[in-house]
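Single-letter residue listing:
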Amino acid sequence: QVQLVESGGGLVQPGGSLRLSCAASGSILNNYAIAWFRQAPGKEREVVSCLERSDGHKYYADSMKGRFTISRDNAKNAVYLQMNSLKPEDTAVYYCAAVALFRLCVAGSYNMDYWGKGTLVTVSS
């Protein structure tokens, strides 16, 4: 199993940037497909981005495409989410999650086995 801890959230103004980190322990993160999720108060959880285990392909929700970038650093056993041009509607708790599947993102069925506790991102002027 793997433990995940998110960090990097905070308060930023519209148009600003943040980089979220997802640090893994207990297992090698490279053995998992990874996805970032977010959930705003009173709203359903949604997928932000996904990183395949099999080939490293990256996927983004349409509203995040061009603004957010997912990446993995195997040496640090961590996954990152770079967020640029942030908007008030990006305000949410952001979670990273993992599952030991070779193909996850392309299937679109995000049944994750391991979750972090989340980090809060607030975009406000």
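The rules we used
- Residues numbered from 1 in each chain as written.
- Predicted model: local features only at pLDDT ≥ 70, side-chain atom pairs only at ≥ 80, totals over all residues.
- Heavy atoms only, no water.
- Core = buried A, V, L, I, M, F, W, Y, C linked by side-chain atoms within 4.5 Å.
- Buried < 20%, exposed > 50% of the residue type's maximum accessible area, 1.4 Å probe, protein only.
- Helix = DSSP H or I, 4+ residues; strand = E, 2+ residues; numbered from the N terminus.
- Salt bridge = Lys/Arg side-chain N within 4 Å of Asp/Glu carboxyl O.

Trainee: Whenever I open this one, the nonpolar core confuses me. Can you help?
Mentor: Proteins that are soluble and globular tend to have nonpolar side chains buried together. One finds L4, W36, F68, L81, M83 and Y94 to be the most contacted residues of the largest nonpolar core, which totals 27 residues. Elements that contribute at least two residues to this core include exactly β3 (18–25), β4 (33–39), β5 (46–51), β7 (68–73), β8 (78–83), β9 (92–99) and β11 (119–123). A35, F37, A97 and M112 belong to the second-largest nonpolar core, a separate cluster that totals nine residues.

Trainee: Teacher, can you tell me more about the pattern of salt bridges here?
Mentor: Here the structure, examined in full by the defined rule, presents four salt bridges. Among the salt bridges present, the one from E46 reaches R38, with a minimum N-O distance of 2.7 Å. Here R38 ties to D90 by a salt bridge, and the two come within 2.8 Å at their closest N and O atoms. Within this pair, whereas R38 is found in strand β4, its partner D90 is found in the loop between β8 and β9, the two being separated by 52 residues in sequence. Across the pair, exposure class does not vary: R38 and D90 are buried alike.

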